[in-house]
Amino acid sequence: MVPIQMVDLKRQYLKIKPQVEAAMAEVLDNAAFINGAPVQQFATALQEYLGVKHVIPCANGTDALQIAMMALDLEPGDEVITPSFTFIATAEVIALLKLKPVFVDVDPKTFCLDPVQVEKAITAKTKAIVPVHLYGHSADMEPLMEISRKHNIPVIEDNAQAIGGNYTFKDGTVKKVGSIGQIGCTSFFPSKNLGCYGDGGALFTNDDALAAKIRMVANHGQSARYYHDVVGVNSRLDTLQAVVLNIKLPLLDEYIMARRAVADAYDAAFAGIPQITTPFRAANSFHVYHQYTLQLNGIDRNALQQYLQERQVPAMIYYPVAAHQQKMFAHLGGNDFNLPITNDLTTKVISLPIHTEMDQDQLQHIIDSVHSFLNQYSK
Ligand SMILES: *Cc1c(COP(=O)(O)O)cnc(C)c1O
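Computed from a predicted model, the values in this text were never measured in an experiment.

Calculation criteria
- Residues numbered from 1 in each chain as written.
- Predicted model: local features only at pLDDT ≥ 70, side-chain atom pairs only at ≥ 80, totals over all residues.
- Heavy atoms only, no water.
- Near = heavy atom within 4 Å.
- Polar contact = N/O pair within 3.5 Å; in protein donor to acceptor, adjacent residues only side chain to side chain.
- Areas by Shrake-Rupley, 256 points an atom, 1.4 Å probe, with all protein chains shown as cover.
- Helix = DSSP H or I, 4+ residues; strand = E, 2+ residues; numbered from the N terminus.
- Pairing = 2+ DSSP bridges.
- Buried < 20%, exposed > 50% of the residue type's maximum accessible area, 1.4 Å probe, protein only.
- Axes fitted to C-alpha atoms, helices over the stretch in contact; angles between N-to-C directions.
- Parallel < 35°, antiparallel > 145°, perpendicular 65-115°, else oblique.
- Left-handed = near helix turned anticlockwise from the far one by under 90°.
- Contact = heavy atoms within 4.5 Å.
- Nonpolar A, V, L, I, M, F, W, Y, C, P; charged D, E, K, R; others polar.
- Arc of directions from axis to C-beta.
- Domains from an automatic or database assignment.
- Buried area = accessible area lost by both parts, 1.4 Å probe.
- Salt bridge = Lys/Arg side-chain N within 4 Å of Asp/Glu carboxyl O.

(A) Quick peek at the site of the ligand. For the ligand, the set of nearby residues contains 13 residues, the closest of which are Gly61, Thr62, Asp158, Ser187 and Lys192. Within the side chain of Asp158, an N or O atom sits 2.8 Å from a nitrogen atom of the ligand. Within the contact set of the ligand, an oxygen atom lies 2.7 Å away from a side-chain nitrogen or oxygen of Ser187. Protein chains bury 92% of the 380 Å² of accessible surface belonging to the ligand in isolation. Residue assignment for the shell around the ligand shows that the elements contributing at least two residues are α3 (61–71) and α4 (89–96).

(B) Representation of the sheet that holds strand β6 (residues 166–168) within the structure. An order of β7-β6-β13 is seen for the three strands of this open sheet, with the pairing classed as antiparallel. Of all strands in the sheet, those with a lone pairing partner are β7 (174–176) and β13 (285–286), marking the two edges. Inspection of the sheet shows β6 paired to β7 by three bridges, in the antiparallel sense. By the bridge assignment, Thr168 is partnered in β7 with Val174.

(C) The arrangement of unusual backbone geometry in detail. The linkage connecting Tyr318 with the following residue, Tyr319, adopts the cis geometry, with an omega of 10°. With respect to the secondary-structure elements, Tyr319 resides in the loop between α10 (301–310) and α11 (340–348). Although it is not a glycine, His220 sits at a positive phi angle of roughly 55°. On the accessibility criterion, His220 (39% relative accessible area) is partly exposed. The phi dihedral of Tyr226 is positive, around 70°, even though this residue is not glycine.

(D) Quick look at the sheet that holds strand β2 (residues 79–83). Strand order in the open sheet formed by three strands is β3-β2-β4, and the pairing between neighbours is parallel. What marks the edges here is a single partner per strand, and that holds for β3 (100–104) and β4 (126–129). Each strand axis lies, on average, 35° off the axis of its neighbour in the sheet, ignoring direction. With three bridges connecting them, β2 and β4 associate as parallel partners. Following the sheet pairing, Glu79 is matched in β4 by Thr126.

(E) Main features of the packing of helix α1 (residues 9–30) against helix α8 (residues 239–248). Viewed as axis vectors pointing N to C, α1 and α8 meet at an angle of 140°, and their least axial separation amounts to 9 Å. In terms of orientation, α1 lies oblique with respect to α8. Where α1 crosses over α8, the handedness of that crossing is right-handed. Contacts between α1 and α8 involve Gln12, Ile16, Gln19, Val20, Ala23, Met24, Val27 and Leu28 from the first element and Thr239, Leu240, Val243, Val244, Ile247 and Lys248 from the second. When grouped by side-chain class, the residues that make up the contact of α1 with α8 number 10 nonpolar, three polar and one charged.

(F) Here's a closer look at α11. Among the residues of α11, Thr342, Leu345 and Thr346 are the ones counted as buried. End-on view of α11: buried residues confined to an arc of 105°, all on one side of the axis. Buried residues along α11 sit in contact with β14 (292–296), α10 and β15 (349–352).

(G) Looking closely at the domain arrangement of the chain. Domain annotation for the chain reports domain 1 (9–250) and domain 2 (252–377). The C-alpha-based centres of domain 1 and domain 2 are spaced at 24 Å. Counting residues at the interface gives 44 residues for domain 1 and 40 residues for domain 2. Both faces combined, the contact of domain 1 with domain 2 buries some 3,700 Å², and carbon together with sulfur accounts for 60% of it. Remark: the boundary between domain 1 and domain 2 carries two salt bridges. Lys15 is the partner of Glu357 in a salt bridge, and the nearest nitrogen-oxygen pair spans 2.6 Å. Secondary-structure elements contributing two or more residues to the side of domain 1 that touches domain 2 are α1, α4, β3 and β6. At four residues, the largest contribution of residues to the side of domain 1 that touches domain 2 is made by α1. When the residues that make up the side of domain 1 that touches domain 2 are grouped by side-chain class, the tally is 21 nonpolar, 14 polar and nine charged.

(H) Molecular detail of the pairing of strand β8 (residues 183–187). When you tally the buried positions in β8, you get five out of five residues, the bulk of the element. Of the two faces of β8, the one holding Ile183, Cys185 and Ser187 and the one holding Gly184 and Thr186 are both buried throughout. When strand β5 (residues 156–158) meets β8, the two strands line up parallel, connected through three bridges. Within β8, the position partnered with Glu157 by the bridge is Gly184. Here four bridges tie β8 to strand β9 (residues 201–205), and the two strands are oriented antiparallel to one another. Residue pairing for β9: Gly184 is matched across the bridge by Phe204.

Following this line, the structure appears as structure tokens:
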């Protein structure tokens, strides 16, 4: 059996190796390393894929979030509502800009921001709401956008884990996640659903003025060459990364279907096991399974992880420590935040391997390993 990895980038690469090598060789021949034609080609292709007016590529997903907050003119002390149950980048950039992260609890089924809790957390100082489409499942965007409109607070979607996923509104309108809020942010980190071969990221918006501001902030605050109107950053997508993304974007829907097939097999294999809750699929969310994350009920997570490890099955805890529990946020009150669902999830979740290259032998071995652990455990 081919060794099982959380994500198998090597085997995915081998399938597109000739195209990637040819496209990279062309960049090298042209020496157009910065802002070469493939960067704009990719932005245009992603605009069409997502159904948004503007895609602004940047250097990574963390920069995308930071640039979004800078472009919205958020000021020190402004409050930004975000989940604590997320990758640290979401909350980190808020603090980096001297804004105040206001951590709100998540829905226990979707793992994403709970709109009811969001509304309760709004104050006169709230200047942005940052939902995260965690593990590839959409946050509940319709009520979040209603809150956004009612209080006139922009929404920045952290779409690093859910590119290609979509959300269905009550009237039947279907939109790609990341295209619903004022700004969407994503990452092309290699292991993301649309990953390049290094760092990369992008911002999306339908607002022309905001797009212009984002471009300016991402390019040293420059309005015309050598005229710098605001303090910005230097954040670009390399041409070499853009050529990889140009090859992979047309394959994204196939990649998603391959991930969903793995999820379907896991769902079927683990249905009805009381110690395991399989990932929820809300009717309004098309899940793209960046992660396949189980909740364990009354069984020892470390023991399961170790048992799987002994059978060459990797399993990861995303995330063992929530943002509000991190040392970097100790000054905010740490565990004083009332986030019972988040606290509970950090002790219960475990993610199984899921990627585009999983074969039947591997899948069966993972499923059998989980089953045999449970059989032993219940004896
Ligand atoms: C990966 C990720 C980021 C950061 O992306 P980078 O490209 O690594 O900077 C931000 N938010 C979430 C939810 C992520 O998963």
